[in-house]
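# Observations on chain architecture
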Amino acid sequence: MSSKIRVIVSLILSLILAGCSGGGGGGGSDPVGSQGAAVASGVISLSGADVGAVGSTLLVGSVLSVPQEGSFPDYAILAPAGTAFDAETKMPIPSDPNNGFAVIVNQNFPAGGFDSAISMTIRVNAVDYGYICHFPQASAADCGGGISLDLDSGSVTLVDVEVEHTDSGNILVLNGSVSW
């Protein structure tokens, strides 16, 4: 079962990378903008081996929250201010295609087996750094019980949440709260 979840999370990460790739005009879906995304405020502090490359804070200014549909969990996509979201795919469209982040926080998996997961991409100078974790443990990084996602009240809290770099295996620890 852990390999299935890893594939799902990798797919989500791939969609984020596709959504963050910038690109030209014309074609494509309309951005969600203010219709589906909310203005947010909050800071996520980062600690660990990769802070020299990705920085020590993420300033969240936009959130798209998505309630559970079918066999998918509730999730929220945290992004910088000025980020629009594609209406069809719900992926972020960054205002700066070379720098930004998208943090997908999942909770309330209807099929059971997992309580929460994070798939995260941080882009710095057009270089992507991807991170994932699942709780309970399904990879080297166990998110732990420190994720709280409440779509009704519009909040995410992260307390000592460990995410694993998908290439190097380095661990980043996330702490902070976001409200919208």
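Residues numbered from 1 in each chain as written. Predicted model: local features only at pLDDT ≥ 70, side-chain atom pairs only at ≥ 80, totals over all residues. Heavy atoms only, no water.

### A short note on the overall build of the protein
Along the backbone of the protein there are 2 helices and 11 strands. In sequence order, the secondary structure elements of the protein are arranged as α-β-α-β-β-β-β-β-β-β-β-β-β. Taking all 180 residues of the protein together, 43% fall into the buried category. Counting contacts in the protein only where the partners sit at least 6 residues apart, residues at least 24 apart contribute 54% of the total. Entry remark: accessible area of the protein is about 8,200 Å², with carbon and sulfur atoms responsible for 53%. (Helix = DSSP H or I, 4+ residues; strand = E, 2+ residues; numbered from the N terminus. Buried < 20%, exposed > 50% of the residue type's maximum accessible area, 1.4 Å probe, protein only. Contact = heavy atoms within 4.5 Å. Areas by Shrake-Rupley, 256 points an atom, 1.4 Å probe, with all protein chains shown as cover.)

### Thoughts on the pattern of salt bridges
Pairing between side chains becomes possible if they bear opposite charge and their charged atoms approach one another. Counted according to the given criterion, the structure contains 1 salt bridge. Of the charged contacts, one joins Asp128 and Arg123 as a salt bridge, the two residues approaching to 2.6 Å between their closest N and O atoms. The class of Arg123 is buried, set by a relative accessible area of 11%. (Salt bridge = Lys/Arg side-chain N within 4 Å of Asp/Glu carboxyl O.)

### Here we look at the pairing of strand β10 (residues 155–165)
Pairing analysis gives 2 bridges linking strand β8 (residues 127–135) to β10, with the strands arranged antiparallel. Bridge pairing in β10 places Ile132 opposite Glu164. Pairing between strand β9 (residues 147–150) and β10: 4 bridges, direction antiparallel. Residue pairing for β10: Ser148 is matched across the bridge by Thr157. Between β9 and β10, which pair antiparallel one after the other, the connecting turn spans 4 residues, and Gly154 there sits at a positive phi close to 70°. The pairing of β10 with strand β11 (residues 171–179) spans 8 bridges and is antiparallel. When the sheet's bridge partners are listed, Glu164 is paired in β11 with Ile171. Counting the residues that bridge the hairpin from β10 to β11 gives 5 residues, and of these Gly169 lies at a positive phi of roughly 85°. (Pairing = 2+ DSSP bridges.)

### Topic: unusual backbone geometry
Residues other than glycine seldom take positive phi values, yet Ala126 does so here, at roughly 70°. Examined against the element boundaries, Ala126 turns out to sit in the loop between β7 (116–124) and β8. Notably, Asp160 is not glycine yet its phi reads approximately 50°, a positive angle. Residue placement: Asp160 occurs in strand β10.

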